Amino acid sequence: MSAIKFTSSKLEALNAASPAAFTDAFGGVLERSPALAASLASARPFGSAEDLCNKLYGLLQALGDEQQLALLRAHPELGQSAAQLAALTAESQHEQTTSGLTVLDAVALARLRAGNAAYMQKFGHPFIICARLNTSTAILAQLEARLHNTAPMELANAISQVVDIARLRVIDLLN
Ligand code: GUN
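Each value, and the rule that gives it
- Residues numbered from 1 in each chain as written.
- Predicted model: local features only at pLDDT ≥ 70, side-chain atom pairs only at ≥ 80, totals over all residues.
- Heavy atoms only, no water.
- Helix = DSSP H or I, 4+ residues; strand = E, 2+ residues; numbered from the N terminus.
- Axes fitted to C-alpha atoms, helices over the stretch in contact; angles between N-to-C directions.
- Parallel < 35°, antiparallel > 145°, perpendicular 65-115°, else oblique.
- Left-handed = near helix turned anticlockwise from the far one by under 90°.
- Contact = heavy atoms within 4.5 Å.
- Nonpolar A, V, L, I, M, F, W, Y, C, P; charged D, E, K, R; others polar.
- Disulfide = S-S within 2.5 Å.
- Buried < 20%, exposed > 50% of the residue type's maximum accessible area, 1.4 Å probe, protein only.
- Near = heavy atom within 4 Å.
- Polar contact = N/O pair within 3.5 Å; in protein donor to acceptor, adjacent residues only side chain to side chain.
- Areas by Shrake-Rupley, 256 points an atom, 1.4 Å probe, with all protein chains shown as cover.
- 1 Å grid on protein atoms, 1.4 Å probe; cavity = no way out; pocket = protein on both sides within 12 Å on 5 of 7 lines; lining within 4 Å.
- Sits in = over half its atoms within 2 Å of the grid points.
- Arc of directions from axis to C-beta.
- Phe/Tyr/Trp six-rings, centres within 6.5 Å; stacked < 30°, edge-to-face > 60°.

A. Looking closely at the environment of L101. Assignment of secondary structure puts L101 in the loop between helix 7 (90-98) and helix 8 (106-123). The spacing of L101 and H125 is 24 residues in sequence and 19 Å in space, taken between C-alpha atoms.

Shown next as structure tokens:
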């Protein structure tokens, strides 16, 4: 992926922010996971947005399985009803809407919900894919394909997708 460009003043402000202000700014990026935002704050200064995302990925990969699972479980399932959507972070609402998941026909929605349930039952965490980088058709195909993976493969896939989700959220936050 090409390097992300931030205006340097925003990156500088992020590097200079108090830990509390940094954690506050990152609240939505990591699905309201303040402990992770605080760890990321300790990894400053960031030389670039790409540096930030690389450090985030390293930090998430170094977590134990239980901490990784807690982060994954903080993410909503895709294909929420309008009432469920209203309770999500603004970032999540945006992602679920722009990927076309809120306008699925009844057959596709039933496939998505059945796949989500089977995935949750097999792996113990929601199916995570970066919704903004995928069409609803691709999301459904990936869900059904990834159901055949092993749990360690899916833990690694999901963490990598969390970083892709966070990368786009960081771009929105700072550009
Ligand atoms: N759950 C699985 N993928 C996503 C995503 O891209 N965004 C949000 N908000 N939740 C997800």
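B. Region of the structure containing the packing of helix 4 (residues 49-62) against helix 10 (residues 151-174). Packing of helix 4 against helix 10 brings their axes to within 10 Å, and their N-to-C directions diverge by 150 degrees. Our classification of the angle between helix 4 and helix 10 gives roughly antiparallel. Both helix 4 and helix 10 take part in a crossing whose hand is right-handed. In this structure, helix 4 contributes E50, L52, C53, L56, Y57 and L60 to the contact, and helix 10 contributes I159, S160, V162, V163, A166, R167 and V170. Partitioned by chemical class, the residues of the contact of helix 4 with helix 10 number 10 nonpolar, 1 polar and 2 charged.

C. Representation of the packing of helix 5 (residues 65-73) against helix 10 in the model. Helix 10 packs onto helix 5 with a crossing angle of 55 degrees between their chain directions and a minimal axis gap of 11 Å. By the criterion of interaxial angle, the relationship of helix 5 to helix 10 is oblique. Judged by the twist between their axes, the crossing of helix 5 over helix 10 is left-handed. Judged by residue contacts, D65, Q68, L69, L71 and L72 of helix 5 engage L155, A158, I159 and V162 from helix 10. The class makeup of the residues in the contact of helix 5 with helix 10 is 7 nonpolar, 1 polar and 1 charged.

D. Fine view of the state of the cysteines. Per the counting criterion, the structure on display carries 0 disulfides. Counting only cysteine sulfurs, C130 is the nearest neighbor of C53, a cysteine outside any disulfide, at a range of 11 Å. For C53, a relative accessible area of 1% corresponds to the buried category.

E. Structural context of the site of the ligand. Looking at the ligand, the residues that line it are E31, P76, L78, S92, E95, F127, I128, I129, C130, A131, I165 and R169. In this structure, P76 approaches the ligand through a main-chain N or O atom, which is 2.9 Å from a nitrogen atom. A distance of 3.3 Å separates a nitrogen atom of the ligand from a polar side-chain atom of R169. Against a free-state accessible area of 270 Å², the protein chains account for coverage of 100% of the ligand. A majority-of-atoms criterion places the ligand in the largest cavity.

F. A look at helix 9 (residues 136-146). Taken together, the buried positions of helix 9 are S136, I139, L140, L143 and R146. Down the axis of helix 9, the buried side of the element spans an arc of 145 degrees, and every buried residue falls inside it. Looking at the buried residues of helix 9, the elements they touch are helix 8 and helix 10.

G. Up close: the packing of aromatic side chains. Applying the stated criterion to the full structure yields 4 aromatic pairs. Here F22 and F46 contribute two aromatic rings whose centre-to-centre distance is 6.2 Å and whose plane-to-plane angle is 40 degrees, an arrangement assigned as tilted. Within this pair, whereas F22 is found in helix 2 (residues 19-25), its partner F46 is found in the loop between helix 3 (34-42) and helix 4, the two being separated by 24 residues in sequence. On the basis of relative accessibility, which here comes to 3%, the residue F46 falls in the buried class. Judged by centre distance (5.3 Å) and plane angle (70 degrees), the ring pair of Y119 and F127 falls under edge-to-face.

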